[in-house]
Amino acid sequence: NPTQFNVQCSASIASLSMQLDGNESPSACIDLSDHISDDSHLEYLSVGAGTTVRLPYDRCTLRLPRLRSLHYADIKDGKKSDAIHYLLSASPDLEDLEVKIKGGFSPPPSVGDAMCFLRLTSLSLASNRFGAIYFLDILACPSLRELNFHAEYSREDFTSEDNGLK
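(A) Quick look at the overall build of the protein chain. The helix and strand tally for the protein chain stands at three helices and eleven strands. Listing each helix as α and each strand as β along the protein chain from the N terminus yields β-β-β-β-β-β-α-β-β-β-α-β-β-α. When each of the 166 residues of the protein chain is scored for burial, the buried share is 39%. In the protein chain, once contacts between residues fewer than 6 apart in sequence are set aside, the share between residues at least 24 apart is 68%. Taken as a whole, the protein chain presents about 9300 Å² of accessible surface, with 49% of it coming from carbon and sulfur.

(B) Local environment of the pattern of salt bridges. Taken as a whole, this structure holds five salt bridges when the rule is applied. In this structure, Arg54 and Asp31 form a salt bridge, with 3.2 Å as the shortest nitrogen-oxygen distance. Separated by 23 residues along the polypeptide, Arg54 in strand β5 (residues 51-54) and Asp31 in strand β3 (residues 27-31) bring together distant segments of the chain. Classification of Arg54 as partly exposed rests on a relative accessible area of 34%. Taking the shortest distance from any N to any O, the salt bridge between Lys100 and Glu98 comes out at 3.5 Å.

(C) Main features of the nonpolar core. Core analysis: the biggest nonpolar cluster contains 37 residues, and Leu45, Leu87, Leu88 and Phe135 have the highest contact counts within it. Of all the secondary-structure elements, those providing two or more residues to this core are β2 (15-18), β3, β4 (44-47), β6 (69-74), α1 (82-89), β7 (96-101), β9 (122-128) and α2 (129-138). Top element by residues in this core is α1. It accounts for four residues.

(D) Expanded view of the sheet that holds β6. If you trace the six strands from one edge of the open sheet to the other, you get β2-β4-β6-β7-β9-β11, paired in parallel fashion. Every interior strand has two partners, whereas the edge strands, β2 and β11 (146-152), have only one. Neighbour to neighbour, the strand axes of the sheet diverge by 5 degrees on average, direction disregarded. Bridge count between β4 and β6: four bridges; the pairing is parallel. Bridge assignment links Leu45 to a residue of β6, and that residue is Leu70. The strands that α1 touches are β4, β6 and β7; relative to β6, the one it contacts most, it runs at about 175 degrees. Its contacts with the sheet put α2 on β7, β9 and β11, and the angle it makes with β9 is roughly 145 degrees.

(E) View of the confidence of the model for the protein chain. Residue-level pLDDT values for the protein chain average 82, and 77% of them are 70 or greater. For residues 159-166, every residue scores under 50 in pLDDT, and the model assigns this stretch eight contacts once sequence neighbours within four places are set aside.

What counts, and where the lines are drawn
- Residues numbered from 1 in each chain as written.
- Predicted model: local features only at pLDDT ≥ 70, side-chain atom pairs only at ≥ 80, totals over all residues.
- Heavy atoms only, no water.
- Helix = DSSP H or I, 4+ residues; strand = E, 2+ residues; numbered from the N terminus.
- Buried < 20%, exposed > 50% of the residue type's maximum accessible area, 1.4 Å probe, protein only.
- Contact = heavy atoms within 4.5 Å.
- Areas by Shrake-Rupley, 256 points an atom, 1.4 Å probe, with all protein chains shown as cover.
- Salt bridge = Lys/Arg side-chain N within 4 Å of Asp/Glu carboxyl O.
- Core = buried A, V, L, I, M, F, W, Y, C linked by side-chain atoms within 4.5 Å.
- Pairing = 2+ DSSP bridges.
- Axes fitted to C-alpha atoms, helices over the stretch in contact; angles between N-to-C directions.
- pLDDT = per-residue confidence, 0-100.

Right, here's the structure in full:
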C-alpha cells in the first residue's frame, strides 16, 4: 500500500494544487477541515490524481468564500466524488470549474435545489453518464461563456430498458 500524507490547508493559503501520478506514488489528502468560517483566503484549488480532500466533520459547514477556480479530478474509481458536492456548496463565487470523474461515480441520493453560480464563466466537465446528468442538473450558470463537455458512455451505463440489451 502506498503511504498517505496530509497537507493542512491553512486559511492564509491562496492557491493550492496537488497531483500525484504513478501506481507506486503515495496518496495525499488536502485537509480543509478548518475552513468553516469566512476567513479562508483560498482562491485556487486543484485536486488532482492521487489526492483526496478532508472536509469538516459537519460537511455543510465548509466555507470557501473567495474560491474563484476549482479543478477537481477523480480519475481512478469515482470514490472521492461525493466531496465535489460540498466543495461546490461552499464556493458561491466560482468563476472557473473543471471536473473530471471516471469510474463508478454515483451522485448523492439527495441533490436538492440547483446551485447558482452567478460568476461562473468557464465550465469543463468530463464524466460518465450519471455524473454528467448530475452536474447538469445541479449547476445553474447564467454568466457561462465557455463550456467544454465530455461524457463517456459504456455498456454498463445502459439498462435493459434503455436499449433492450441484457
